[in-house]
Amino acid sequence: MFASVIVSVSSNSVDRLFTYKIPDSLVDTIRVGHRVFIPFGNRDIQGFVIEIKETADIDVSKVKEINRIMDGTPVLTEELIQLSKKIASYYVDRQISVIEAILPVALKTKSKTILKLSEHAGNEATVLFNELQKNNEVIVRNLDKDELKKIVPFMKSKELIEETIIAQHTKKKTNRAVRSLYTGNMPSERAVKQRELLEWIESEDAPITLLRIRDAGYSVQLVDALEVKGLVERVDVIVDRDPYDTRVFFESERHTLNDEQQIAYNKIKDAMIENRQETFLLHGITGSGKTEVYLETIEHALNKGKEAIMLVPEIALTPQMVHRFKARFGDDVAVLHSALSHGEKYDEWRKIKEGRASIAIGARSSIFAPFKNIGIIIIDEEHESTYKQGERPLYDARQVALWRAAYFNCPLILGSATPSLESYARSEKGVYKRLELKHRAKAQPLPETTIVDMALSRQEGNISIVSDILREKIIERIEKNEQIILLLNRRGYAHFLLCQDCGHVPMCPNCDISLTYHKSNGTLMCHYCAFETPVPNKCPECQSTAVTFRGSGTEKVEEILRDMFNTEVVRMDIDTTRNKGMHETLLSHFVEDNIPILLGTQMIAKGLDFPNVTLVGVLNADTTLNIPDFRANERTFQLLTQVAGRAGRGDKTGEVIFQTYNPDHYAILDAQMNRYIDFYKKEMEYRKIARYSPYYFHVLFTITSENFNHCVKASHDVSTKLLEHISNQSIVIGPSPSPIERIKNKFRFQILLKYRHEPALLEILEQLDQRYYVAYKKSGVSLRIDVDPQFIM
DNA sequence: AGCACGCCGACT
DNA sequence: GTCGGCGTGCTC
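Residues numbered from 1 in each chain as written. Chains lettered and ligands numbered in written order. Predicted model: local features only at pLDDT ≥ 70, side-chain atom pairs only at ≥ 80, totals over all residues. Heavy atoms only, no water.

1. Points about the protein's contact with DNA strand B
The environment of DNA strand B is made up of Ser-13, Val-14, Arg-16, Phe-18, Thr-19, Tyr-20, Phe-40, Gly-41, Ile-58, Lys-62, Val-63 and Lys-64. A share of 50% is what sugar and phosphate atoms reach among the atoms of DNA strand B within 4 Å of the protein. One of the backbone N or O atoms of Thr-19 is found 2.5 Å from a base oxygen in DNA strand B. Taking Gly-41, its main chain carries an N or O atom lying 3.2 Å from a phosphate oxygen of DNA strand B. For the surface near DNA strand B, the element with the highest residue contribution is strand β2 (residues 17-21), accounting for three residues. The residue inventory of the surface near DNA strand B, partitioned by class, reads six nonpolar, three polar and three charged. (Near = heavy atom within 4 Å. Polar contact = N/O pair within 3.5 Å; in protein donor to acceptor, adjacent residues only side chain to side chain. Helix = DSSP H or I, 4+ residues; strand = E, 2+ residues; numbered from the N terminus. Nonpolar A, V, L, I, M, F, W, Y, C, P; charged D, E, K, R; others polar.)

Structure below.
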């Protein structure tokens, strides 16, 4: 017996099947989808069985034997194998890369070569070995060039023996921690903080995690200082993992569906009963109780003995939401999201695969949940761009959901208060069945929205980021003990630094973007690469001291609000939620301690349901409007509508303020009046004229290189190739420099292909991909092909 | 001649 | 991705 195996090597040249002999001992156990350990070239690697067959299709003398299977049961089903092929082909990527995206990272292996001392090693080899070894072995990967060179002769003479081992991705969860190396000499008298910290570390038996150190108010720099002095060292410690174990969930009482919800549910249920693949667009205004419909639908699937997948945007994967599902379905729910460690994700994945959970809830990649009998797939907030993966493989979970639903003959629900234009257009055409929820579930009125013209506010003498109207409303709420959510879509302290004398703005040396000032760590940071530099006190160009901060970010506004209202503020942005669990901690702090103001970036716009929030303010409704992307209007409309929906979800009526410099823009006006259809029509008109999605399909080509000329040349080459092969109804825009012309020291050019019908497209894309796969190695030019891009940047 | 280096093709 | 084979060209 033989097996067709796809090997775990990400290279175009091996993205095909290799035939291996199945050893007699495995003939009875091995199945399609098994992970196997195989000899490949001169090393041993991992692969996946794609097919089992009687005969080999190549010369048997070339065929090697599978070493062993790596798991008791197959990790991939037939369906997932087919799916991986489909995704690889549609998004122009390698099947192995897709398979690796489908499986939890814990199943990826890292091999490492270690050296050991041979029995007949001479003195010289022993000395060298002792010099390089750690734990009685030398890890080749960790050696530098010179060290490698020294080793080679001994390896050839077999004085050192080498061995390749496969290391699983961490199964145990580790955290960085600090251990004392204290031997009696303290840091100097003046280094008070250092002494304090060292004493603490010294007093504990076990290493203290950096997390605890930071929580206790010591900076990482202090640890660095102690480390430099050789008084402490950093180590990894193993910590327990139990994402939701310790919490108790109570059976939640079931809400009865209202008429609208019942009608929607019945339609979906009928499709489920008939095993019909039908896509429903559940268009329900914020607070209309879409989740109730989801819960009922999932329950119905479970009663039929089937499974359910529910996707939510990462930011909506709040404890609040998880709690609701856990309360209803208990342990039947597996939750997958980015805050989990590799090991935790692997645990949840196994729950699904082994049938211990029938519901998978999670972000984008949960669409790959290894179920065998899916009865319903739900995508909540379907308009969110997070369903499209931003790195390779560049798949869109909405598209994958369609494919999986088709395979299982089950309905797919796309839910949103502000459906993407694509989905709504399909519902208009009858491709999707539209279901409407037009009323808020608890019959609360939608909040009243006021638009504040900030230009006018400035003319009237208020240059603050908080307009008079908003300030009054905030004071009012604080007095009434009600809560406020403020949205500011810009993190950091100041957007950029400006020299008032020469107009100089410090830029990132690696990217064409201004540096953002972060006050908390006193640095200028680039939001596109990791560049960080201390804030200059003089203009680096003209030495003037008249440098000012411009464009307020959340960090600064937090200060302003504290001063202005003399109150506590909870700030939520990437910077305050970077550490695990902070998201949850900040939100419960806001709710339980009844903090008056929650200030945040767009992560606070979605899914939060706080009854005591009666005022929502958008400090600058324009930030998303000015982004050079054809979806900028749509995103602005969606964001404003979503965030406005956070107000007045309890018994008290809500109120919303949009501060803007574009008070007449239809995206803002329609969001104010909650006119989805009006917005849809106007935006469709624009898309039609400008020939954008949904009228056209897109492929975005991004060409990057450190060498400007290579970049330009390759860009023209790509556009020439495209123009040669596509029909004359398609449009090629560019090449043009990307909106950010340089990121991480690489020049960027882009080409946008717009087409309606292009039968040979796949072939052209594959050719281009192949061509630039080769080109990249030669001249360092890379081509990224993004099919159905979400961002044209 | 001896070897460092980069390119290319093969890997079942 | 990684390795080895091979040709080019530099140095002793």
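Once you've had a look at it, read on.
2. Description of the nonpolar core
In terms of nonpolar packing, the biggest core is built from 111 residues, with Ile-367 and Phe-701 touching the most fellow members. With seven residues, helix α12 (residues 397-408) is the single largest residue contributor to this core. Contact partners of Phe-701, with chain neighbours within four places excluded, come to Val-718, Leu-722, Phe-749, Gln-750, Ile-751, Leu-753, Leu-765, Leu-768, Leu-783, Arg-784 and Ile-785. In this structure, Ala-271, Leu-282, Met-310 and Ile-359 belong to the second largest nonpolar core, which totals 29 residues. (Core = buried A, V, L, I, M, F, W, Y, C linked by side-chain atoms within 4.5 Å. Buried < 20%, exposed > 50% of the residue type's maximum accessible area, 1.4 Å probe, protein only. Contact = heavy atoms within 4.5 Å.)

3. Side note on the protein's contact with DNA strand C
Every residue close to DNA strand C is listed here: Val-9, Ser-10, Ser-11, Ser-13, Phe-40, Asn-42 and Arg-43. Considering the 4 Å shell around the protein, atoms of DNA strand C inside it are sugar or phosphate in 57% of instances. Ser-13 has a polar side-chain atom sitting 2.8 Å from a base oxygen of DNA strand C. Side-chain polar atom of Asn-42 to a sugar or linking oxygen of DNA strand C: 2.7 Å apart, as the coordinates give it.

4. Describing the confidence of the model for chain A
Model confidence for chain A is summarised by a mean pLDDT of 86, while 91% of its residues fall at 70 or above. Here residues 168-172 scores under 50 on pLDDT; set against residues more than four positions off or in separate chains, the count is 12 contacts. Counted against residues more than four places away or in other chains, residues 240-251, with its pLDDT under 50, gives 22 contacts. (pLDDT = per-residue confidence, 0-100.)

5. Description of the domain arrangement of chain A
According to the domain assignment, chain A consists of domain 1 (2-108), domain 2 (259-437), domain 3 (448-493 + 552-686) and domain 4 (697-787). Here domain 1 and domain 2 have C-alpha centroids that lie 30 Å from each other. Each side of the interface is counted separately: domain 1 has 23 residues, and domain 2 has 20 residues. Counting the surface domain 1 buries against domain 2, the share from its top three residues, Glu-79, Tyr-91 and Pro-104, is 28%. Taken together, domain 1 and domain 2 are joined by two salt bridges. Measuring nitrogen to oxygen at the nearest pair gives 2.8 Å for the salt bridge that ties Arg-404 to Glu-79. The interface formed by domain 1 and domain 2 holds six residue pairs in polar contact (both at pLDDT 80 or more) in total. At seven residues, the largest contribution of residues to the side of domain 1 that touches domain 2 is made by helix α1 (residues 78-90). (Domains from an automatic or database assignment. Buried area = accessible area lost by both parts, 1.4 Å probe. Salt bridge = Lys/Arg side-chain N within 4 Å of Asp/Glu carboxyl O.)

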